[in-house]
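Fold and geometry: a report
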Amino acid sequence: DVKVTQSSRYLVKRTGEKVFLECVQDMDHENMFWYRQDPGLGLRLIYFSYDVKMKEKGDIPEGYSVSREKKERFSLILESASTNQTSMYLCASSPPGQGSFRSSYEQYFGPGTRLTVT
Amino acid sequence: KQEVTQIPAALSVPEGENLVLNCSFTDSAIYNLQWFRQDPGKGLTSLLLIQSSQREQTSGRLNASLDKSSGRSTLYIAASQPGDSATYLCAVKAAGNKLTFGGGTRVLVKP
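Residues numbered from 1 in each chain as written. Chains lettered and ligands numbered in written order. Predicted model: local features only at pLDDT ≥ 70, side-chain atom pairs only at ≥ 80, totals over all residues. Heavy atoms only, no water.

Between chain A and chain B, the contact holds 20 residues from the first and 19 residues from the second. Interface of chain A and chain B: buried area, both sides summed, is about 1,700 Å²; carbon and sulfur atoms make up 50% of it. Inspection of the region where chain A meets chain B yields 0 salt bridges. Between the two partners, chain A and chain B, sit 4 residue pairs in polar contact (both at pLDDT 80 or more). Secondary-structure elements contributing two or more residues to the side of chain A that touches chain B are strand S4 (31-38), strand S5 (42-49) and strand S9 (87-94) of chain A. Here the element with the most residues in the side of chain A that touches chain B is S4(A); it accounts for 4 residues. Residues that form the side of chain A that touches chain B fall into these classes: 10 nonpolar, 6 polar and 4 charged. (Contact = heavy atoms within 4.5 Å. Buried area = accessible area lost by both parts, 1.4 Å probe. Salt bridge = Lys/Arg side-chain N within 4 Å of Asp/Glu carboxyl O. Polar contact = N/O pair within 3.5 Å; in protein donor to acceptor, adjacent residues only side chain to side chain. Helix = DSSP H or I, 4+ residues; strand = E, 2+ residues; numbered from the N terminus. Nonpolar A, V, L, I, M, F, W, Y, C, P; charged D, E, K, R; others polar.)

Below is the structure:
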């Protein structure tokens with residue numbers, strides 16, 4: 001079974017702190033994703049990475065950065081946390097597919113990190 | 001821009017009744033559609049993935065259909081059980097390897 005783990009289930013940080021959220025997958029997947037989930041807004045893509053050291057902005061990258069130094073690990077960084085970044089953060093991974101099946105594989109999600117910024 | 005809608009936002013049924021969950025999307029140029037289950041405070045569990053070339057997928061009591069031309073998918077859960085209570089989300093994958101999610105349908109199955 002694919003396993004995606006996230007470093008913390010619950011996290012409480014103060015405004016202005018630098019926050020690291022870690023995600024690790026054990027299936028050698030090329031693609032990794034960070035989402036946030038908010039009531040009434042659903043899941044929104046923050047950043048994704050399709051290879052080591054590669055990253056692409058999602059729909060709401062402002063206020064976030066990411067790091068992918070190793071294939072299995074994808075980190076989300078809040079350089080200076082703000083209260084509007086209080087949310088549930090979900091990490092996902094997927095294999096890349098090949099050729100015409102490039103996008104045919106499903107995404108596997110971690111358990112989520114509930115971040116509260118006070 | 002792709003938009004995914006799930007109606008109703010919440011649903012309550014007695015145990016044993018069949019569940020019918022709807023998902024609609026605005027752009028039919030999709031690669032696949034995925035249904036997820038989410039329990040309160042937890043991550044997403046993948047239930048079914050339907051490729052754009054397929055019309056349905058089945059797994060146990062779950063059956064999902066896809067009508068790409070009309071931009072709709074339906075998830076059927078037969079003989080519902082209290083353990084099926086959760087939020088169900090659909091998501092479509094289009095170009096760029098991104099998923100666009102619906103808002104979810106919160107299901108309560110009453111014993």
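Attention shifts here to the environment of B:Glu3. Positionally, B:Glu3 belongs in the segment before strand S1 (4-5). For the pair B:Glu3 and B:Ile77, spaced 74 residues apart in the sequence, the C-alpha separation amounts to 24 Å.

All names here are of chain B. For Ser 73, the location among the structural elements is in strand S8 (residues 72-77). Here the side chain of Ser 73 touches Trp 35 through a polar contact of 3.1 Å, side chain to side chain. From its side chain, Ser 73 meets the backbone oxygen of Ser 65 in a polar contact 2.7 Å long. Aside from chain neighbours lying at most four places away, what touches Ser 73 is Leu 21, Asn 22, Cys 23, Phe 25, Leu 33, Trp 35, Ile 50, Ser 65 and Leu 66.

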